[in-house]
Amino acid sequence: MDCQTLSRAYQQIARETTLEQLLLQAITLIRNYTEAEFGCILIESTEQWLVKAISTVDEASQRGNFTINNLPRSIIDHVDRVREVVCLNHPIDEIKFVDDPYLNKGKPKSILCFPLIDRGSLEAIVYLENNSKERVFTSEHLTNLELLAEPIAISISNTKIYENLNRNQQQLHQFLEVLPVGVEVLDAAAGLYYTNRRAKELRAKGIIAEASPKPLLEPELICSAANNSLPTDIFAPEESTPIAESENNITLVESWSNSIIDERGEVLYIINAFQDITEQKKAEQLLEEYNRTLEIQVRERTLEPVSYTHLTLPTTCRVC
């Protein structure tokens, strides 16, 4: 496999959108190119290196629960610390690694370990070995892998960012879905970008809570008819939720709107939040009526004539 073929193979790898598949494709390509018997890629997570992808001559055997403890730890630590390529024949004879338990036990004949670095950040470590041949990893291998290392590191970095962003979006979606308040996000042209479950329920009820692209709006109380027509191209709910209409077909809605702007002050998104406060207002009205009735009763009791009980006092008094 020449450098041009290797480059085309990398372009195929770069199309992967998940980190797991990207690493598996990358280590399979690298192991096949170098004719290593075993290869793996390690990714650092919470200050420790984890084996994230494995490729072997016998692809059916993936070595089970393989960890960094099944590798020459001294070599991995050296590459992590120094960020240099380690290419060894007779690794057990290398003085700096002579005490490594893995090398003393397995005695691999050829080892290649190198870092994948993107803009100064160590994204991953590649480890390759051959237990049957010496000098498997040639200078041509090292030259081509050096050219390939940075693009693979960039792909790993970008995929990490993409997966983290996707994970954060999923978490935000979960948070918004459980809110008791309707939330809608509109683009600058007032096109619906996102709506949570509660907003769909309220829209199905017929609530209209308009958003405005002003930087900040004070909370306002909106009274709208539940049977008003909705602009179906923007506010039609994805699924209709049957909800009983409130008394007199009137729904009270409290709504808030705010805008997300860019560095030039232009509106990017409009966030519209609203909630049904009909029951709250009914309770407040009942409380007001109760207080008013109580005041009337107190006033009426106050205005009632006072009756006194006449007592007959004795005409004589005994001195004790």
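For the structure given in this document, a descriptive report is provided here. Being a predicted model, the structure only gives us computed values, none of them experimental.

## Remarks on the overall build of the protein
Of the regular secondary structure elements, the protein holds eight helices and 10 strands. By the burial criterion, 35% of the 320 residues in the protein qualify as buried. A total of about 20,400 Å² of accessible surface is found on the protein, and carbon and sulfur atoms cover 52% of it.

## Quick word on helix H5 (residues 139-177)
Between its terminal C-alpha atoms H5 stretches 56 Å, which fits the 57 Å expected from 39 residues at 1.5 Å a residue. The principal kink in H5, of about 30 degrees, is found at leucine 148, preceding the proline proline 151 by one to four residues. For H5, the complete set of buried residues consists of His141, Asn144, Leu145, Leu148, Ala149, Ile152, Ala153, Ser155, Ile156, Ser157, Thr159 and Leu176.

## A closer look at the pairing of strand E1 (residues 38-45)
Regular strands place their side chains on alternate faces of the sheet. Burial analysis of E1 places six of its eight residues in the buried class, the great majority of the element. Note that E1 and strand E2 (residues 48-56) share eight bridges and pair antiparallel. Along E2, the bridge assignment pairs cysteine 40 with isoleucine 54. Counted along the chain from E1 to the antiparallel partner E2, the turn is two residues long, and its residue threonine 46 has a positive phi close to 45 degrees. Bridge count between E1 and strand E5 (residues 121-130): five bridges; the pairing is antiparallel. Each bridged residue has a counterpart across the sheet, and for cysteine 40 the counterpart in E5 is tyrosine 127.

## Some points on the environment of leucine 179
Structurally, leucine 179 is set in the loop between H5 and strand E6 (182-187). C-alpha of leucine 179 to C-alpha of asparagine 196: the two residues are 17 residues apart in sequence and 8.3 Å apart in space. With residues up to four places along the chain from it excluded, the contact list for leucine 179 reads Asn196, Arg197 and Arg198.

## Side note on the nonpolar core
With 30 residues, the main nonpolar core has Phe114, Leu116, Val126, Leu128, Ile152 and Ile156 as its most contacted residues. Going through the elements one at a time, helix H1 (3-13), helix H2 (19-34), E1, strand E4 (110-118), E5 and H5 are the ones with two or more residues in this core. Counting residues per element, this core draws most heavily on H2, which supplies eight residues. In contact with isoleucine 156, other than residues within four places in its own chain, are Leu19, Leu22, Leu23, Ile43, Leu116, Glu123 and Ala124. Val51, Ile54, Ile76 and Ile111 belong to the second-largest nonpolar core, a separate cluster that totals 22 residues.

## Here we look at the packing of aromatic side chains
Two numbers describe a pair of aromatic rings. These are the distance of the centres and the angle of the planes. Under the counting rule described, the total for this entry stands at two aromatic pairs. Here the aromatic rings of tyrosine 193 and tyrosine 269 are separated by 5.1 Å at their centres, their planes lie at 50 degrees, and the arrangement is tilted. With tyrosine 193 in strand E7 (residues 192-195) and tyrosine 269 in strand E10 (residues 267-276), the pair connects residues that are 76 residues apart, well separated along the chain. Look at tyrosine 193 and you get exposed, because its relative accessible area is 55%.

Reading the values: the criteria
- Residues numbered from 1 in each chain as written.
- Predicted model: local features only at pLDDT ≥ 70, side-chain atom pairs only at ≥ 80, totals over all residues.
- Heavy atoms only, no water.
- Helix = DSSP H or I, 4+ residues; strand = E, 2+ residues; numbered from the N terminus.
- Buried < 20%, exposed > 50% of the residue type's maximum accessible area, 1.4 Å probe, protein only.
- Areas by Shrake-Rupley, 256 points an atom, 1.4 Å probe, with all protein chains shown as cover.
- Expected span 1.5 Å × (residues − 1).
- Bend = angle between axes of the 7 residues up to and from the residue.
- Pairing = 2+ DSSP bridges.
- Contact = heavy atoms within 4.5 Å.
- Core = buried A, V, L, I, M, F, W, Y, C linked by side-chain atoms within 4.5 Å.
- Phe/Tyr/Trp six-rings, centres within 6.5 Å; stacked < 30°, edge-to-face > 60°.

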